[in-house]
Amino acid sequence: GAGVSQSPSNKVTEKGKDVELRCDPISGHTALYWYRQSLGQGLEFLIYFQGNSAPDKSGLPSDRFSAERTGGSVSTLTIQRTQQEDSAVYLCASSSRPGLAASTDTQYFGPGTRLTVL
Amino acid sequence: QKEVEQDPGPLSVPEGAIVSLNCTYSNSAFQYFMWYRQYSRKGPELLMYTYSSGNKEDGRFTAQVDKSSKYISLFIRDSQPSDSATYLCAMGGVGGATNKLIFGTGTLLAVQP
């Protein structure tokens with residue numbers, strides 16, 4: 001079946017502009033994650049949506065970052081007033097249910113959006 | 001100190017070599033341990049999944065977890081050029097029903113033909 005998709009695959013923007021990144025999770029997956037991966041860095045957790053629960057926003061680096069998940073499916077990550085340090089690959093992942101009792105419960109990743117802020 | 005430590009490499013080996021990749025961690029509450037493989041300009045893909053301590057084998061890949069030492073390993077036998085990628089360890093299972101994972105920074109592996 002279809003995996004996690006993200007768009008755009010690449011985004012170049014100017015400092016100070018707002019950007020929106022989109023994630024389409026695997027159909028039926030209730031959990032959705034956003035991560036940031038900078039050159040030479042690991043995956044930095046940004047935000048986590050689980051069903052209808054309030055999202056875990058504990059990883060958002062500043063109030064310029066926000067995310068929404070509409071209808072329990074598609075998610076949009078918005079970065080306002082972009083800065084050069086926001087340049088990174090933004091990865092989205094989804095999983096089927098809470099917990100990690102089986103390998104199929106773990107996270108499936110999209111290909112990422114490569115953001116470059118000039 | 002990071003919650004999960006992983007040597008970033010790069011690690012370069014000849015084709016056919018045995019590769020050993022490792023992570024250490026500080027949180028003894030982690031219960032689930034995973035290895036993800038990430039090819040250049042792609043998203044990570046799950047390679048191995050283990051629960052608690054012990055070994056798990058899948059083809060040329062073996063994952064080991066030593067919870068007493070807070071140390072996990074991934075071994076790749078008969079390494080191939082197609083194994084060249086970044087390998088990320090990930091851990092989770094803290095606090096009950098959650099899929100939240102903590103990732104290492106990744107080790108870049110190059111297998112030379």
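Whatever comes next refers back to the structure up there.
Residues numbered from 1 in each chain as written. Chains lettered and ligands numbered in written order. Predicted model: local features only at pLDDT ≥ 70, side-chain atom pairs only at ≥ 80, totals over all residues. Heavy atoms only, no water.

Undergrad: Would you explain the overall build of chain A in this entry?
TA: Each helix and strand in chain A was counted, giving zero helices and 10 strands. Start at the N end of chain A and walk to the C end: the helices and strands fall as β-β-β-β-β-β-β-β-β-β. Each of the three principal axes of chain A carries a C-alpha extent, and together these read 40 × 25 × 25 Å. Expressed as a percentage of the 118 residues in chain A, the buried residues total 47%. For chain A, contacts bridging at least 24 residues in sequence account for 56% of all contacts bridging at least 6. Counting every atom, chain A has about 5600 Å² of accessible surface; 46% of that belongs to carbon and sulfur. With 11 positive and 11 negative side-chain charges, chain A shows a separation of 2 Å between the mean positions of the two kinds. (Helix = DSSP H or I, 4+ residues; strand = E, 2+ residues; numbered from the N terminus. Buried < 20%, exposed > 50% of the residue type's maximum accessible area, 1.4 Å probe, protein only. Contact = heavy atoms within 4.5 Å. Areas by Shrake-Rupley, 256 points an atom, 1.4 Å probe, with all protein chains shown as cover. Lys, Arg positive; Asp, Glu negative; His and termini not counted. Charge placed at Lys NZ, Arg CZ, Asp CG, Glu CD.)

Undergrad: How do you make sense of the state of the cysteines when you look at a structure like this?
TA: In protein structure, a disulfide is the covalent linkage between the sulfur atoms of two cysteines. Overall, the coordinates contain two disulfides over all chains when judged by the stated rule. Disulfide partner of A:Cys23: A:Cys92, at an S-S distance of 1.9 Å. Its torsion about the S-S bond being -65 degrees, the disulfide of A:Cys23 and A:Cys92 is classed as left-handed. Linking A:Cys23 in strand 3 (residues 19-24) with A:Cys92 in strand 8 (residues 88-95), this pair joins segments that are 69 residues apart in sequence. You'll find A:Cys23 and A:Cys92 in the same group, each marked buried. Across the disulfide from B:Cys23 sits B:Cys89; the S-S distance is 2.0 Å. When the S-S torsion is -100 degrees, as for the bridge of B:Cys23 with B:Cys89, the disulfide is left-handed. Of the two residues, B:Cys23 is situated in strand 3 (residues 19-25) and B:Cys89 in strand 9 (residues 85-92); the sequence distance between them amounts to 66 residues. B:Cys89 gets classed as buried once you look at its relative accessible area, which sits at 0%. (Disulfide = S-S within 2.5 Å.)

Undergrad: In this structure, what is going on with the packing of aromatic side chains? I would like to understand it.
TA: Each pair of aromatic rings is reported with the distance of its centres and the angle of its planes. Tallying each qualifying case throughout the model produces 12 aromatic pairs over all chains. Seen from their ring centres, B:Tyr32 and B:Tyr49 are 6.1 Å apart, and the 25 degrees between their planes marks the pair as stacked. Note that B:Tyr32 is positioned in strand 4 (residues 32-38) and B:Tyr49 in strand 5 (residues 45-51), a separation of 17 residues in sequence. Like B:Tyr49, B:Tyr32 is buried. One aromatic cluster is present, formed by A:Tyr33, A:Tyr35, A:Phe45, A:Tyr48, A:Phe109, B:Tyr36 and B:Phe103 through successive ring pairs. (Phe/Tyr/Trp six-rings, centres within 6.5 Å; stacked < 30°, edge-to-face > 60°.)

Undergrad: Sorry if this is basic, but what is going on with the sheet that holds strand 3 of chain A here?
TA: Pairing between the strands of a sheet is mediated by backbone hydrogen bonds and can be parallel or antiparallel. Residues and elements named next belong to chain A. Taken in spatial order, the four strands make up an open sheet running 1-3-7-6, and their pairing is antiparallel. Strand pairing shows two members of the sheet lacking a second neighbour, strand 1 (5-7) and strand 6 (65-69), which therefore form its edges. Each adjacent strand pair in this sheet contributes to an overall mean axis angle of 15 degrees, direction not counted. Note that strand 1 and strand 3 share three bridges and pair antiparallel. Bridge pairing in strand 3 links Ser-5 to Asp-24. (Pairing = 2+ DSSP bridges. Axes fitted to C-alpha atoms, helices over the stretch in contact; angles between N-to-C directions.)

Undergrad: Just to check I follow, could you spell out the environment of A:Ile26 for this structure?
TA: Residue and element names in this part refer to chain A. Looking at the element boundaries, Ile-26 is found in the loop between strand 3 and strand 4 (31-37). A sequence separation of 47 residues divides Ile-26 from Ser-73, and the C-alpha atoms of the two residues are 8.5 Å apart. Discounting chain neighbours no more than four positions away, the residues touching Ile-26 are Ala-2, Gly-3, Val-4, Ser-94 and Tyr-108.

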